[in-house]
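Letter by letter, the chains look like this.
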Amino acid sequence: MTGLFRQIFGDDPEAAFFAPGRINLIGEHIDYCGGHVLPCAVSLGITARVRYRKGTTVRLASSDLPGVHAVDVSAAVVFEKERGWANYPAGVIMCLLDEGRRLRGADVLFSSTLPQGAGLSSSAAIEVLTGAIMLHPVEGEGFDRKALALLCQRAENAFVGVACGIMDQFSVALGKRGHAILLDCATLEHRHVPFDPGGLSLVVMDTGTTRELAGSAYNTRRSEVERALELVRRKRTVDNLVEATQEEIEAAVDDPVIRRRARHVVSEERRVRDAALALERGDMKAFSALLNASHASLRDDYEVTGPRLDAIVEEARATGFCAGARMTGAGFGGCAIALVRSDSLDEFFARAGEGYRRRTGIEGRFFAASIDDGVRKLPNAPGM
Ligand code: GLA
């Protein structure tokens, strides 16, 4: 990587940073409804090699794609279509400048082990990573992680145009090895819950299809639940949709589609609370059943799974080695997760892979994931 950095920028990097991707264990599509979520950071992620520079130019390159994108940190930064992926870091730089921060020039080379558009939050990873890199000369590693997560969410909302919630950026910024994060998205209070699944392993199942429709369908779901909130509020004052009961939704919402969306939100909130308790008790049977129920609700009520996610989840369950499985992230393609007997991982990969291929003609990717820390500076190493 040092070789490539030198080739692109004519010098060697002086520091390296890493931001993980995230898996959401449970609590899907309720972060923007003031709900609780239970995500974690994973060991796959994005590494950045960096050399800080005199002057005000930040040059951004990727080891996977050609081109170098320059951003001037002394002037207003605007979205530029031709900038492609580099709009994510540019958006974060824009938001930092908006806060009145003075930023240094830098050369940055990103390289990723995260499948892109697969629902493991490669966008949140590059956003939070950019923030950590830009803040480092001023604040070292003592920066406010919660504030950075919020800033990166703003960058994605305003600059990239996806009305995402706070879950992904928060997980990337505040992940902790071996722990899930129980996050209240209404207050941003959180606590780390040990994830100790006994004889089970956490497996990621990539359907091999990206989430093309995700942006627009995601924003549609958001407006549907906003409509549901408006209708519930005609009967009772609530801050967030998760506070409503199923009975209140039945009474307030006539439109069957909006009613199903709201039903998912309220039932998923209950499942997250139960799942956190099950995890704390070490009751993986109850936890796994909640994963299965979450998938059913996302398939039938929220309608964000689609045939491929449904196929990979069903094939995983049919292997006989899987305790529970569900889609993770925004849906419409991307990844699912499963809890699988650790003594049968290889057989699970073979059987689930074969079943998924038979049903869809697509080669899925399966791997065991480990839960890791949030964004960090890497120790300086030779050959960095
Ligand atoms: C995407 C968004 C998150 C969250 C999930 C669905 O990953 O970025 O904020 O809404 O979808 O749970």
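Refer to the preceding data block for the structure.
Only a predicted model underlies this, so the values are computations on that prediction, with no experimental measurement involved. (Residues numbered from 1 in each chain as written. Predicted model: local features only at pLDDT ≥ 70, side-chain atom pairs only at ≥ 80, totals over all residues. Heavy atoms only, no water.)

1. Topic: helix α1 (residues 2–9)
Inclusion rule: Exposure classes here rest on a 1.4 Å probe applied to the protein chains alone. A residue is buried below 20% of its type maximum, exposed above 50%, and partly exposed in between. Under the DSSP-based scheme used, a helix requires at least four consecutive residues in state H or I and a strand at least two consecutive residues in state E, with every element numbered from the N terminus. It is the directions from the helix axis to the C-beta atoms that the arc portrays. Residue contacts are counted whenever heavy atoms from the two residues lie within 4.5 Å of one another.
When we look at burial in α1, the residues that qualify are T2, F5 and F9. The arc enclosing the buried residues of α1, seen along the axis, measures out at 60°, which places them on a common side. Next to the buried residues of α1 lie β2 (36–53), β3 (57–62), β4 (68–72) and β5 (105–112). Where α1 ends, the next residue or the one after it, G10, has phi of about 75°, a positive value.

2. Notes on the environment of R145
When you line up the elements, R145 lands in helix α4 (residues 145–160). A residue is classified by how much of its surface remains accessible, and R145, at 24% relative accessible area, is partly exposed. Not counting residues up to four positions away in its chain, the partners in contact with R145 are A173, L174, G374 and V375.

3. A short note on the pairing of strand β1 (residues 15–26)
Heads up, the condition is: Think of it this way: DSSP has to see at least two bridges between two strands before they count as a pair.
Burial of β1 is extensive: 12 of the 12 residues sit out of reach of the surface. For β1 and β2, the ladder comprises 10 bridges, and the chain directions are antiparallel. Opposite R22, over in β2, you have A41 as the bridge partner. One ladder, built from three bridges, connects β1 with strand β12 (residues 376–378); its direction is antiparallel. Bridging from a neighbouring strand, A16 pairs with L378 of β12.

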